[in-house]
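Residue-level structural notes
Here are the chains, one letter per residue:
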Amino acid sequence: MPKTRYFSRELFRFLEDLATHNDRPWFQKNKDRYERHFKDASLRFIEDFAPRLRSISEHFVADPSPVGGSLFRIYRDTRFSKDKSPYKTHVGIRFLHERAKDVHAPTYYLHIDPAGVFAGCGIWHPGGEALKAIREAIVEDPAAWKRAKNAKRFQATWTLAGDSLKRAPRGFDPEHPLVDDLRRKDFIGTSKITKKVLLGPDFMDQFTRMCRDGASLQRFLCSALGLAY
């Protein structure tokens, strides 16, 4: 079966031009570029990734709907921002857990930006109850947490990242051997992707492998939050 290239250098050219001309008149003149290189390419990738994602976990969703699906809208919400530029200058694609609309839940993520491309897995900025549940799961079963973050496949692909508290969170032992993890406010893995890989014919295979390599973290987070994996 022939391999498919989903994203092109034209996508980066469009995003670079959009950053320079971030206004509605320019966007309307170049909407065909947006449709072809940004929207259509992303939706095709999401649709083709769906069966791959189901093979990793049946509880994460790849939704190719043009509105409300896995692809973030290009239009910025400027209501509460000093930056009134109307358009995002990157592609954001999220593969949510099926319960994500009801509770804080893990996700897989792909970010495409001329300044850099990366993938993410886990939970960014979980709410108070979810964050507490994850921390309590680490305390209750530290061996399970260490297996999750130290799994060979996870370590080979992902780096734990995100914000942390300066001190141990209230109610948790500041002398706990895993206090550095208990201080985390985000439980996410990140992995850089080169433009060459993104634009190549094997990107679908490589992204699938990356998500599969993130399973140990996702499984732990789902268990901590009482979610199916």
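The following refers to the structure shown. Model, not experiment: these values are computed from the prediction.

Structural notes on the sheet that holds strand 2 (residues 107–113)
Whenever strands of a sheet pair, they do so through backbone hydrogen bonds, lying parallel or antiparallel. Strand order in this open sheet of five strands is 1-2-3-5-4, and the pairing throughout is antiparallel. On the outer flanks of this sheet lie strand 1 (91–96) and strand 4 (159–161), each paired with one strand and no other. Looking at each pair of strands side by side, their axes are set apart by 25° on average, direction ignored. Relative to strand 3 (residues 116–123), strand 2 runs antiparallel, the two sharing seven bridges. Residue Leu-110 lies in a different strand from strand 3, and its bridge partner there is Ala-119. Against the sheet, helix 3 (residues 31–56) makes contact with strand 1 and strand 2, and its axis sits at roughly 25° relative to strand 1, the strand it touches most.

With respect to the nonpolar core
Grouped together as the largest cluster of nonpolar side chains are 65 residues, with contacts concentrated most on Phe-7, Phe-45, Phe-95 and Leu-110. Sorting elements by how many residues they give to this core places helix 3 first, with 10 residues. Leaving out residues up to four positions away in the same chain, Leu-110 has contacts with Phe-7, Phe-45, Val-91, Gly-92, Ile-93, Val-117, Phe-118, Ile-193, Phe-203 and Phe-207.

With respect to the environment of Phe-49
Secondary-structure assignment places Phe-49 in helix 3. Along the sequence, Phe-49 and Asp-63 sit 14 residues apart, while their C-alpha atoms lie 9.5 Å from each other. The residues touching Phe-49, leaving out its near neighbours within four places in the chain, are Phe-95, Met-204, Phe-207, Thr-208 and Cys-211.

Let's talk about the pattern of salt bridges
Applying the stated criterion across every chain yields a total of 14 salt bridges. Across the salt bridge formed by Asp-205 and Arg-52, the nearest N and O atoms sit 2.9 Å from each other. With Asp-205 in helix 9 (residues 203–213) and Arg-52 in helix 3, the pair connects residues that are 153 residues apart, well separated along the chain. Take Asp-205: its relative accessible area is 31%, and that puts it in the partly exposed class. Among the salt bridges present, the one from Glu-136 reaches Lys-132, with a minimum N-O distance of 4.0 Å. Pair noted here: Glu-136 and Lys-132 are both in helix 4 (residues 128–140), with a separation of four residues, about one helical turn. Judged by relative accessible area, Lys-132 falls into the partly exposed class, the value being 43%. Each of Lys-3, Arg-52, Asp-202 and Asp-205 takes part in one network of salt bridges that share partners.

Reading guide: rules and limits
- Residues numbered from 1 in each chain as written.
- Predicted model: local features only at pLDDT ≥ 70, side-chain atom pairs only at ≥ 80, totals over all residues.
- Heavy atoms only, no water.
- Pairing = 2+ DSSP bridges.
- Helix = DSSP H or I, 4+ residues; strand = E, 2+ residues; numbered from the N terminus.
- Axes fitted to C-alpha atoms, helices over the stretch in contact; angles between N-to-C directions.
- Contact = heavy atoms within 4.5 Å.
- Core = buried A, V, L, I, M, F, W, Y, C linked by side-chain atoms within 4.5 Å.
- Buried < 20%, exposed > 50% of the residue type's maximum accessible area, 1.4 Å probe, protein only.
- Salt bridge = Lys/Arg side-chain N within 4 Å of Asp/Glu carboxyl O.

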